[in-house]
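# Topology and contacts: notes
Spelled out, the chains give:
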Amino acid sequence: MFSLKKYLSLVVFLFLLSCQSEMDEQGNNTQGTITNSSPLTSYLQRVAMVQTVQDNVIDGSTYCTIKPPYTVTVNNTQIAINSAADYKKVTDNINASNADDDIVKINFPVTMVYYNYIEKNIPNEADFNSLIDYWNQYPDLLSKINGLNINYPITINIYNSANQAASSTTIISDQAFFNFIKNLNASQYISLKYPISIVDYNNQTKSLSNNSDFENAIKYAIDYCPENNIVTLDFVGAITKGSWGIPYYFSDSEKTSSYSGYSFVFKSDKSVVATKGSASETGQWDSSVQNNVRELKLTFSSDLLSKLNNNWKLFEFNNSQVRLRDVSNTTNYLYFEKK
């Protein structure tokens, strides 16, 4: 029999969800609720990461930033860095003449802040160089999504399926949002309370009405904010190198485990070979740009692999990860990751 405790908890949960706008309930995203494994959740956490690109002219890393205040010396000129506005003083000094060496010398000690808000004291240049060398070993980490700033506070409704408890919380900052997502467990379901106000990279304020709006705003930032495109990559060149696995596949529900153990090799002749153990199947792939959106078309014939057949739209990629989606009545996702 359905217990009274579970019934009351479900009523509370549904009441919390009713706070969502009607557009959210009827939006194109898969559900109004998301979990710690949902694609949108990882994108939201990357939106909330520490801004690290702005001082690349000083530290050369997109995964950490130097915490002001500190000083640097450029072309024998000492410059105080008290805020992000002072980075321009460094670039202005570098661009002032072509006859100097333009070496940016950091005056230690400094405090480094990682993309995940962890801070570390760096006493000298040797420790600094070791830290940058460490981050340079991971050039394909999916880093901070720049060009989208959330106007806080925002409210998040939470349902814990482990104890049938419903609650809500107010988030007041990027750091609080990052840590909230970081600490989500598999039994927690969350829903953002809309509308949510954001500022895009053109400094335009926009109101988001549902999860699909948020994901599309993130996609826009990835595509068009210059700070997200500091490295030029070739999609066809990337996907035709090495073999790929499927770390995530969602089609009406998550079905990643069905493709565990498969390796996919995309060949330059537009064939794609899927291998699992001693069994293999050759399908076809193609890529084109339609309405400024890169597509990846897959064609297989077997019952299992043909479920991947689609004109997938590219969400983002680098040399190690390819993230695709298909937006119709629901939003489906297919991720490839370099093996």
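Residues numbered from 1 in each chain as written. Predicted model: local features only at pLDDT ≥ 70, side-chain atom pairs only at ≥ 80, totals over all residues. Heavy atoms only, no water.

### A word on the sheet that holds strand S10 (residues 188–192)
One open sheet holds the 3 strands; their spatial order is S9-S8-S10, and the pairing between them is antiparallel. Each edge of the open sheet is held by one strand with a lone partner, namely strand S9 (165–171) and S10. For this sheet, the mean inter-axis angle between neighbouring strands, taken without regard to orientation, is 25°. Here strand S8 (residues 154–160) pairs with S9 via 7 bridges, running antiparallel. Bridge assignment links Tyr159 to a residue of S9, and that residue is Ala166. (Pairing = 2+ DSSP bridges. Helix = DSSP H or I, 4+ residues; strand = E, 2+ residues; numbered from the N terminus. Axes fitted to C-alpha atoms, helices over the stretch in contact; angles between N-to-C directions.)

### Considering the nonpolar core
Formed by 38 residues in total, the largest nonpolar core has its most connected members in Leu44, Leu148, Phe177, Phe214 and Ile218. In terms of residue count, the dominant contributor to this core is helix H8 (residues 211–224) (5 residues). With sequence-adjacent residues up to four places away left out, Phe214 is seen in contact with Leu40, Leu44, Leu148, Ile150, Leu192, Tyr194, Ile196, Ile198 and Leu208. (Core = buried A, V, L, I, M, F, W, Y, C linked by side-chain atoms within 4.5 Å. Buried < 20%, exposed > 50% of the residue type's maximum accessible area, 1.4 Å probe, protein only. Contact = heavy atoms within 4.5 Å.)

### A look at the pairing of strand S6 (residues 119–122)
The sheet contact formed by strand S5 (residues 110–114) and S6 spans 4 bridges and is antiparallel. Residue pairing for S6: Val110 is matched across the bridge by Ile122. Between the antiparallel neighbours S5 and S6 lie 4 residues, among them Tyr117 with a positive phi of about 80°.

### Here's the deal with the environment of Val289
For Val289, the position within the fold is in strand S17 (residues 279–290). Each C-alpha atom, one on Val289 and one on Leu314, is 9.7 Å from the other, the two residues being 25 residues apart in sequence.

### Quick look at the pattern of salt bridges
If you walk through the whole model with that rule in mind, you get 10 salt bridges. A salt bridge links Asp92 to Lys88; the nearest nitrogen and oxygen atoms lie 2.9 Å apart. Within this pair, Asp92 and its partner Lys88 are both found in helix H5 (residues 87–95), separated by 4 residues, close to a single helical turn. A residue is classified by how much of its surface remains accessible, and Asp92, at 38% relative accessible area, is partly exposed. For Lys88, a relative accessible area of 52% corresponds to the exposed category. Note that Asp286 and Lys270 form a salt bridge whose closest N and O atoms lie 3.0 Å from each other. One end of the pair, Asp286, is in strand S17; the other, Lys270, is in the loop between strand S15 (263–266) and strand S16 (271–276), with 16 residues separating them in the sequence. (Salt bridge = Lys/Arg side-chain N within 4 Å of Asp/Glu carboxyl O.)

### Looking at the layout of surface pockets
Approximately 1200 Å³ is the volume found for the largest pocket. What lines the largest pocket is a set of 43 residues, among which Asn228, Asn229, Val231, Leu233 and Phe317 lie closest to the centre. Among the elements of the structure, helix H6 (125–136), H8, strand S18 (293–299) and strand S19 (310–317) are those that each provide at least two residues to the lining of the largest pocket. Among the residues making up the lining of the largest pocket, the classes are represented as 19 nonpolar, 15 polar and 9 charged. (1 Å grid on protein atoms, 1.4 Å probe; cavity = no way out; pocket = protein on both sides within 12 Å on 5 of 7 lines; lining within 4 Å. Points joined across faces, edges and corners; volume = space filled by probe spheres on them. Nonpolar A, V, L, I, M, F, W, Y, C, P; charged D, E, K, R; others polar.)

### Points about the packing of aromatic side chains
Within this structure, the stated rule accounts for 23 aromatic pairs. A ring pair is formed by Tyr220 and Tyr224, whose centres lie 4.7 Å apart and whose planes are at 40°; its orientation type is tilted. Remark: Tyr224 and Tyr220 occur in helix H8; sequence separation between them is 4 residues, near one turn of the helix. By relative accessible area, which is 41% here, Tyr224 ends up partly exposed. With 6.3 Å between their ring centres and 50° between their planes, Tyr259 and Tyr262 make a pair best called tilted. When its relative accessible area of 15% is taken as the criterion, Tyr262 is described as buried. Of the aromatic side chains, those joined through ring pairs into one cluster are Tyr249, Tyr259, Tyr262, Phe264, Phe266, Trp285, Phe300, Trp312 and Phe336. (Phe/Tyr/Trp six-rings, centres within 6.5 Å; stacked < 30°, edge-to-face > 60°.)

### Notes on the confidence of the model for the protein
Per-chain confidence: the protein averages 90 in pLDDT, with 91% of residues scoring 70 or above. For residues 1–31, every residue scores under 50 in pLDDT, and the model assigns this stretch 58 contacts once sequence neighbours within four places are set aside. (pLDDT = per-residue confidence, 0-100.)

### Quick word on the pairing of S18
Regular strands place side chains that alternate from one sheet face to the opposite one. Two elements, S17 and S18, share 7 bridges in a ladder whose sense is antiparallel. Across the sheet, Gln284 pairs through a bridge with Thr299, a residue of S18. Once S17 ends, the chain turns through 2 residues before running back antiparallel as S18, passing Asn291 with a positive phi of about 55°. Alignment of S18 against S19, held across 4 bridges, turns out to be antiparallel. Within the sheet, the bridge partner assigned to Glu295 lies in S19 and is Lys313.

### Some words on helix H3 (residues 39–47)
Summarising burial for H3: 8 of the 9 residues are buried, a large majority. Along H3, the positions that sit buried rather than exposed are Pro39, Leu40, Thr41, Tyr43, Leu44, Gln45, Arg46 and Val47.

### Re the packing of H3 against helix H7 (residues 174–182)
Two packed helices can be described by the angle between their axes and the distance between those axes. Axis separation between H3 and H7 bottoms out at 8 Å; the angle between their running directions is 150°. Considering how the two elements wind past one another, H3 and H7 form a crossing that is left-handed. Contacts from Thr41, Leu44, Gln45 and Val47 in H3 reach Asp174, Phe177, Phe178, Ile181 and Lys182 in H7. (Left-handed = near helix turned anticlockwise from the far one by under 90°.)

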